[in-house]
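Residue-level structural notes
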Amino acid sequence: MDQPGFDYHIDIPGTTIFDGKQAMKGYALNKMCYSFNKSENREAFRADEEAYMEKYGLNDEQKQAIRDRNILAMIDAGGNIYYLAKFAGIFKLSVQDVGGMQTGRTTEEFKEFLASQA
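Here is a short report on the structure shown in this document. Given the structure is predicted, the values throughout are model-derived calculations rather than measurements. (Residues numbered from 1 in each chain as written. Predicted model: local features only at pLDDT ≥ 70, side-chain atom pairs only at ≥ 80, totals over all residues. Heavy atoms only, no water.)

If you check the backbone angles, Arg-69 has positive phi at about 55° while not being a glycine. With relative accessibility at 29%, the residue Arg-69 sits in the partly exposed group. Of note in this structure, Lys-92 is not a glycine but carries a positive phi near 60°. Tracing the sequence through the fold places Lys-92 in the loop between α7 (81–90) and α8 (95–103). (Buried < 20%, exposed > 50% of the residue type's maximum accessible area, 1.4 Å probe, protein only. Helix = DSSP H or I, 4+ residues; strand = E, 2+ residues; numbered from the N terminus.)

This is the structure:
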């Protein structure tokens, strides 16, 4: 709905809206995850995660989310799901795995949920 005065920042319970503020908050995290497009960067991360996070200037919240492999915390820390998918891929996590994490379901439950929506 593109109307003057329409509030595009709708509160959706349990959802972090990725807007300009979140983009600025997560810039370093998203830049690091984008670097995982190159295999040598994925290997460098696996070899020394702490040094790799330092290289990109992640803050403490972002570093802890990475250490915990907590995708929801990464989103709260400004992560964009499209860049975080690059990170998840390092650990062989699929989009369905991440969707399950986001919705509090197992991967199988999430797949069943998706199938029931078709």
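Let's shift gears to the nonpolar core. Counting 20 residues, the largest nonpolar core has Met-32, Phe-45 and Ile-66 as the members making the most contacts within it. Looking at this core, the elements with two or more residues in it are α2 (27–35), α4 (49–55), α5 (60–68), α6 (71–76) and α7. Those residues within four positions of Ile-66 in sequence are excluded, and the remaining contacts are Leu-29, Met-32, Phe-45, Glu-49, Met-53, Leu-58, Met-74 and Phe-87. (Core = buried A, V, L, I, M, F, W, Y, C linked by side-chain atoms within 4.5 Å. Contact = heavy atoms within 4.5 Å.)

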